[in-house]
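In case you want the letters, here they are:
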Amino acid sequence: MKFKVADYAGFCFGVQRAMDMAWEELETMNKNEVYSLGPLIHNKQAVKVYEDKGLKVVDNLDKVNQKSKVIIRSHGVSKDIYSSAVDKNLKVIDATCPFVKKIQDIANEYYDKGYKIIIVGDKFHPEVVGINGWCDNEAIIIKNIEDLSGIPRNYKKYCVVAQTTINLNMYQEISKKLKNILEDVIVHNTICLATRDRQKSASELSKEVDCMIVIGGKHSSNTQKLVKICEENVETYHIETVDDLDANNINTYSCVGITAGASTPSWIIEDVIKFIKNI
């Protein structure tokens, strides 16, 4: 059996940066507790390693003790979270991905200029929730082409941004249609380079192999996008760890492709590679 690993797989820059910042805080913490506002990344195996190190994961600031440190994860948060942290006398460790921060700044800037913000993405995803919080939670949020029919036309000007992990081709199609139906619209391509690289390399690899293994958290948006892209070309298995693989199934293929979402640690990828080699 042969196997190929996608050119771009695993931790992206933003995730690696957040994980490194969090680990540094845990290494140097004394009496002050270190909290994460939500799981650092959408990978429960990696998050558990940090929890074992002492990180406390909470879903709101009310559960954080005063004078503690709180880590803002790579997905980012809404503007009011920073104000609340100051009110509680917390030290904020801002690990927001620079690509996400750029979107927040765009949303905030154009909202202040009187634009109606349109976010293309999953309204329940923490990144999108955070971006919406930089335009007073008044953004129009659409997830797919079908949602375009519900776009209100009663605003003078619009500014469009995208969740960093959405499918590039879909965003381009949505952007084109928005320009056709809205008179004054500015479109920003805010899909991050890491996402584009992973999607492109996964698509190319899936055309060269007999099956694809996509490694990543079940709740990871960018991993789910990789699964959908690969499924268009070949039989695809979405797994979180090597324990989800069945050797009898994989053994039926002569060439296996492997890729991983941006929140997948290298050690989990290596476990899968060892598994394939043993077969």
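Structure: above.
Everything in this summary refers to the structure shown in the same document. (Residues numbered from 1 in each chain as written. Predicted model: local features only at pLDDT ≥ 70, side-chain atom pairs only at ≥ 80, totals over all residues. Heavy atoms only, no water.)

### Examining the sheet that holds strand E1 (residues 2–5)
Reasoning step 1: Strand order in the open sheet formed by four strands is E1-E12-E10-E11, with parallel pairing between adjacent strands. Each having just a single partner strand, E1 and strand E11 (235–239) make up the two edges of the open sheet. Adjacent strand axes in the sheet meet at a mean angle of 20°, parallel and antiparallel pairs treated alike.
Reasoning step 2: Across four bridges, E1 lies against strand E12 (residues 255–260) in parallel orientation. Paired with Val5 across the strands is Ile258, a residue of E12.
Reasoning step 3: Sitting on the sheet, helix H7 (residues 193–206) is in contact with E1, strand E10 (211–215) and E12, with an inclination near 170° to E12.
Reasoning step 4: Of the strands in this sheet, E10, E11 and E12 are in contact with helix H8 (residues 221–231), which crosses E10 at around 175°. (Pairing = 2+ DSSP bridges. Helix = DSSP H or I, 4+ residues; strand = E, 2+ residues; numbered from the N terminus. Axes fitted to C-alpha atoms, helices over the stretch in contact; angles between N-to-C directions. Contact = heavy atoms within 4.5 Å.)

### What to know about the nonpolar core
A general tendency of soluble globular proteins is for nonpolar side chains to be buried together.
Reasoning step 1: Grouped together as the largest cluster of nonpolar side chains are 19 residues, with contacts concentrated most on Met19, Leu40, Ile41, Tyr50, Leu55 and Ile71.
Reasoning step 2: The set of elements that each furnish at least two residues to this core consists of helix H1 (13–28) and helix H2 (44–53).
Reasoning step 3: The greatest single-element share of this core, amounting to five residues, is contributed by H1.
Reasoning step 4: Residue contacts for Leu40: discarding those within four places in its chain leaves Met19, Ala22, Val47, Tyr50, Leu55, Ile71, Arg73 and Ser74. (Core = buried A, V, L, I, M, F, W, Y, C linked by side-chain atoms within 4.5 Å. Buried < 20%, exposed > 50% of the residue type's maximum accessible area, 1.4 Å probe, protein only.)

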